[in-house]
Amino acid sequence: MARKIHLVLGIALSLFYLFLLSHLHRILPGLELNRPPLPVAIPDNSAFGWFVAFGLPIVAIMCFVAPDRLMRWFSPRIPPDYDYLLTPDFRYFVGYFALIVGIGVLLLFRTPPVEIK
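A quick note: this is a predicted structure, and the numbers were derived from the prediction, not measured.

With that out of the way, let us pick up helix α1 (residues 2-22). With 21 residues, α1 ought to run about 30 Å at 1.5 Å a step, and its terminal C-alpha atoms sit 30 Å apart, in line with that. For α1, the set of buried residues is His6, Gly10, Leu13, Tyr17 and Leu20. Looking straight down α1, one finds that the buried residues subtend no more than 85 degrees of arc, so they occupy a single side. Those residues of α1 that are exposed and aimed more than 90 degrees away from the buried face are Lys4, Val8, Leu15 and Leu18.

The following block contains the structure:
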C-alpha cells in the first residue's frame, strides 16, 4: 500500500515540476533565466545553486518512483545473508528530505530580485 501511495506522489510531483518549469516566470519570478542554468564556458558557483534549486525535486521524484532500483544500485549488501542495508523506506525518507529542502530553496525566489540604487 505504501508503495502505491509513494508512486502516485512521485507522479504528481513530476507533473507539478513540469508545470513549474513551464510557468517559471509567473510562479518564481526571482529565477528568471537570463543565462543557461549550467554555464559551459565559464564555470562558477551559480551552477551548484541551479543544481540545488532544480535537482533536489528530481531526486525526490526518483526516490518516490523507483526506490527498489535505487536500493539495488546504491545500497551495500551485508553478509552473511547479503541483504540490502538501505531499504526502500530509507529512500522514502531521503525523498521527503530532498522535497522539503528543495521546496524551501525554491520558495526563496517567490519575489523578483530588488535592484539596489
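Now for unusual backbone geometry. Looking along the chain, the bond that leaves Pro79 and enters Pro80 is cis, with omega of 5 degrees. Checked against the element boundaries, Pro80 lands in the loop between β1 (77-78) and β2 (83-84).

This part takes up the packing of aromatic side chains. The final tally for this structure, using the stated rule, is two aromatic pairs. For the ring pair Trp73 and Phe74, a centre distance of 6.2 Å and an interplane angle of 85 degrees mean the geometry is edge-to-face. Across the ring face of Tyr84, the terminal group of Arg77 is positioned such that the distance to the ring centre comes to 4.6 Å.

This part is about the nonpolar core. With 16 residues, the main nonpolar core has Leu28, Leu31, Phe54, Phe64 and Leu106 as its most contacted residues. Elements represented by at least two residues in this core include exactly α1, α3 (46-65) and α5 (88-107). The element best represented in this core is α3, accounting for six residues. Setting aside residues no more than four positions away along its own chain, Phe64 makes contact with Arg3, His6, Leu7, Leu9, Gly10, Leu13, Tyr92, Gly95, Tyr96 and Leu99.

Next up on the list: helix α4 (residues 67-74). Buried residues of α4: Pro67, Leu70 and Met71, and no others. Angular distribution of buried residues about the axis of α4 spans 105 degrees; they occupy a single face of the element.

Turning next to the side chain of His6. Tracing the backbone through its elements, the reader meets His6 in helix α1. Relative accessible area serves as the criterion here: at 10%, His6 is assigned to the buried category. Within polar-contact distance, the side chain of His6 engages the side chain of Tyr96 at 3.0 Å.

The next thing to look at is the environment of Tyr96. With respect to the secondary-structure elements, Tyr96 resides in helix α5. Of the residues examined, Tyr96 reaches a relative accessible area of 35% and is grouped as partly exposed. For Tyr96, the residues in contact, after removing those within four places along its chain, are His6, Leu9 and Phe64.

Bringing a nonpolar patch on the surface into the picture now. A surface patch of nonpolar side chains, amounting to about 450 Å² of accessible area, comprises Leu7, Ile11, Leu15, Leu18 and Leu21. Positionally, Leu15 belongs in helix α1. Residue Leu15 is classed as exposed on the basis of its relative accessible area, which comes to 56%.

Calculation notes
- Residues numbered from 1 in each chain as written.
- Predicted model: local features only at pLDDT ≥ 70, side-chain atom pairs only at ≥ 80, totals over all residues.
- Heavy atoms only, no water.
- Helix = DSSP H or I, 4+ residues; strand = E, 2+ residues; numbered from the N terminus.
- Expected span 1.5 Å × (residues − 1).
- Buried < 20%, exposed > 50% of the residue type's maximum accessible area, 1.4 Å probe, protein only.
- Arc of directions from axis to C-beta.
- Phe/Tyr/Trp six-rings, centres within 6.5 Å; stacked < 30°, edge-to-face > 60°.
- Lys NZ or Arg CZ within 6 Å of the ring centre and 35° of its normal.
- Core = buried A, V, L, I, M, F, W, Y, C linked by side-chain atoms within 4.5 Å.
- Contact = heavy atoms within 4.5 Å.
- Polar contact = N/O pair within 3.5 Å; in protein donor to acceptor, adjacent residues only side chain to side chain.
- Patch = residues over 30% accessible without salt bridge, like charges linked within 9 Å, V, L, I, M, F, W, Y side chains within 5 Å.
- Areas by Shrake-Rupley, 256 points an atom, 1.4 Å probe, with all protein chains shown as cover.
- Salt bridge = Lys/Arg side-chain N within 4 Å of Asp/Glu carboxyl O.

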